[in-house]
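Spelled out, the chains give:
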Amino acid sequence: MEGESYRNKNRIKFKPSDVTVIVSTHSSDVLERCVRSVYKQHPKKIIVILDDPDEKTEKSAEPLKKIASVIKTHKSMFISKTRNLGIRLSKTKLIAFLD
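The following refers to the structure shown. Keep in mind the model is a prediction, meaning the values are calculated, not measured.

1. Concerning the packing of aromatic side chains
- All chains considered together, the criterion is met by 0 aromatic pairs.
- Taking NZ or CZ as reference, Arg-83 lies 4.4 Å from the ring centre of Phe-97, over its face.

2. Details of the side chain of Thr-73
- Here Thr-73 is to be found in the loop between β3 (69–72) and α4 (78–89).
- A distance of 3.2 Å separates a polar atom in the side chain of Thr-73 from a polar atom in the side chain of Asp-51.
- Looking at Thr-73, its side chain comes within polar contact range of the main-chain oxygen of Lys-75, at 3.2 Å.
- Filtering out sequence-adjacent residues up to four positions away, Thr-73 remains in contact with Ile-49, Leu-50, Asp-51, Asp-52 and Pro-53.

3. So, the side chain of Ser-24
- Locating Ser-24 in the fold gives a position in strand β1 (residues 19–25).
- Given a relative accessible area of 9%, Ser-24 falls into the buried group.
- A polar atom in the side chain of Ser-24 sits 2.8 Å from the side chain of Thr-82.
- If sequence neighbours within four positions are ignored, Ser-24 has contacts with Ile-49, Ile-79, Thr-82, Leu-98 and Asp-99.

Thresholds applied
Residues numbered from 1 in each chain as written. Predicted model: local features only at pLDDT ≥ 70, side-chain atom pairs only at ≥ 80, totals over all residues. Heavy atoms only, no water. Phe/Tyr/Trp six-rings, centres within 6.5 Å; stacked < 30°, edge-to-face > 60°. Lys NZ or Arg CZ within 6 Å of the ring centre and 35° of its normal. Helix = DSSP H or I, 4+ residues; strand = E, 2+ residues; numbered from the N terminus. Polar contact = N/O pair within 3.5 Å; in protein donor to acceptor, adjacent residues only side chain to side chain. Contact = heavy atoms within 4.5 Å. Buried < 20%, exposed > 50% of the residue type's maximum accessible area, 1.4 Å probe, protein only.

See the structure below:
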């Protein structure tokens with residue numbers, strides 16, 4: 001298009017269904033509210049990684065199994081390794097992280 005900037009011509013076009021959202025957490029403070037908010041935006045997949053969770057966090061993640069893949073680690077992996085795990089499990093070209 002004439003007059004269209006270089007930036008607009010090269011913009012990536014995608015739908016929310018083209019995205020995997022990876023949520024990595026160690027505690028449960030706002031986990032359920034966070035995942036339900038993401039779910040309303042219709043991503044293709046949501047992966048929740050519970051990084052060495054306590055009992056309360058595991059219980060709060062239980063109802064999320066209906067709308068997300070919930071993975072539990074048995075020892076603390078910290079953010080970089082949990083992100084890499086989520087990337088390996090995703091099938092989409094676009095990935096969003098929510099920590």
